[in-house]
Amino acid sequence: MAQANTTTPGQVATGQQVRQIHDGLSSPVGMAYDASGNLYIANWSEGTVVRFAPNGRRSIFAQALRGPSGLAISAAGDIYVASYSEDLVWRFTPEGAQSVFVRGLATPAGLSFDAQGRLLIANRRTNQILAAHPDGKIDIVPKHSKPRWRR
C-alpha cells in the first residue's frame, strides 16, 4: 500500500523529500511542455500564460486573456489555449503571435492532441469532446469511438 505524503501548497513530495517546483501562480489550470523543455501554464485568475524555461526562469508568455483554462502544444510547437470565459481557443506561435483558432464553443476546458493531429476540446457545457482539425473544421467525437493512442 502506498503511503501518502503531506505537503504544503507549491511543493511536491518525492519519496521522503519535499521539493518546491514553481510558486506564485494564481489558479493554474492547464499546462504542457514544449520540445525545448519550456513549461507553459494557463494561469486562470491572472488571465495569463506563464512560461518557465528549463533553468527555472519565469516569463509571461501571453496576457490579458479571459479565463485561460486548457492548454496543449502541437507537434509544430504552436500553443493552444482554451478560453473558458470567451468560448474559444487561441493559437499562439512559439514567438507569441496570437490568433483565434476556433470560436463558438461552450465553456472549453481541457485540450489535448490525438494521433491524427486534431485538437481535442473538452466542451464542458455540452458534455462533448470535440475534435478540431488543423484547418479549424470541428467534429464531435462519438461516444463509443475506439481511441487511437499515440505510441
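Peer 1: Looking at this model, I keep getting lost on the packing of aromatic side chains. Mind explaining?
Peer 2: On inspection of all chains with the given rule, the structure shows five aromatic pairs. Each ring, one from Tyr80 and one from Phe101, has its centre 5.1 Å from the other, and the planes form 75°; the classification is edge-to-face. Residue Tyr80 is located in strand β8 (residues 79–83), and its partner Phe101 is located in strand β10 (residues 98–103); the two are separated by 21 residues in the primary sequence. Both residues of the pair, Tyr80 and Phe101, count as buried.

Peer 1: How should the sheet that holds strand β3 (residues 28–33) be read in this particular structure?
Peer 2: With antiparallel pairing, four strands are arranged side by side in an open sheet as β3-β4-β5-β6. Strands at the two margins of the open sheet, each flanked by one partner only, are β3 and β6 (58–62). Each strand axis lies, on average, 25° off the axis of its neighbour in the sheet, ignoring direction. Of the pairings in the sheet, the one linking strand β5 (residues 48–52) to β6 comprises four bridges and is antiparallel in character. Residue pairing in the sheet places Phe52 in a bridge with Arg58 of β6.

Peer 1: Got a minute to help me understand the side chain of Ser69 in this structure?
Peer 2: Looking at the element boundaries, Ser69 is found in strand β7 (residues 68–73). Owing to a relative accessible area of 7%, Ser69 belongs among the buried residues under this scheme. Among the polar contacts made by the side chain of Ser69, one reaches the main-chain carbonyl oxygen of Pro108 at a distance of 3.1 Å. Excluding residues within four positions of it along the chain, Ser69 makes contact with Val29, Gly30, Ala42, Trp44, Val81, Ala82, Tyr84, Pro108 and Ala109.

Peer 1: I tried to follow the nonpolar core on my own but got confused; where do I start?
Peer 2: Soluble, globular proteins show a tendency: their nonpolar side chains are buried together. Counting residues in hydrophobic clusters, the biggest one holds 14 residues, and the most contacted among them are Tyr40, Val49, Phe61, Leu71, Ile79, Val81 and Phe92. Secondary-structure elements contributing two or more residues to this core are β4 (39–43), β6, β7, β8 and β9 (88–92). By residue number, the principal contributor to this core is β9, which donates three residues. Phe61 has contacts with Tyr40, Val49, Val50, Arg51, Ile79, Phe92, Thr93, Pro94 and Gly96, leaving out every residue within four places of it along the chain. Counting 13 residues, the second largest nonpolar core, distinct from the first, contains Ala82, Val89, Leu111 and Ala132.

Scoring rules and cut-offs
Residues numbered from 1 in each chain as written. Predicted model: local features only at pLDDT ≥ 70, side-chain atom pairs only at ≥ 80, totals over all residues. Heavy atoms only, no water. Phe/Tyr/Trp six-rings, centres within 6.5 Å; stacked < 30°, edge-to-face > 60°. Helix = DSSP H or I, 4+ residues; strand = E, 2+ residues; numbered from the N terminus. Buried < 20%, exposed > 50% of the residue type's maximum accessible area, 1.4 Å probe, protein only. Pairing = 2+ DSSP bridges. Axes fitted to C-alpha atoms, helices over the stretch in contact; angles between N-to-C directions. Polar contact = N/O pair within 3.5 Å; in protein donor to acceptor, adjacent residues only side chain to side chain. Contact = heavy atoms within 4.5 Å. Core = buried A, V, L, I, M, F, W, Y, C linked by side-chain atoms within 4.5 Å.

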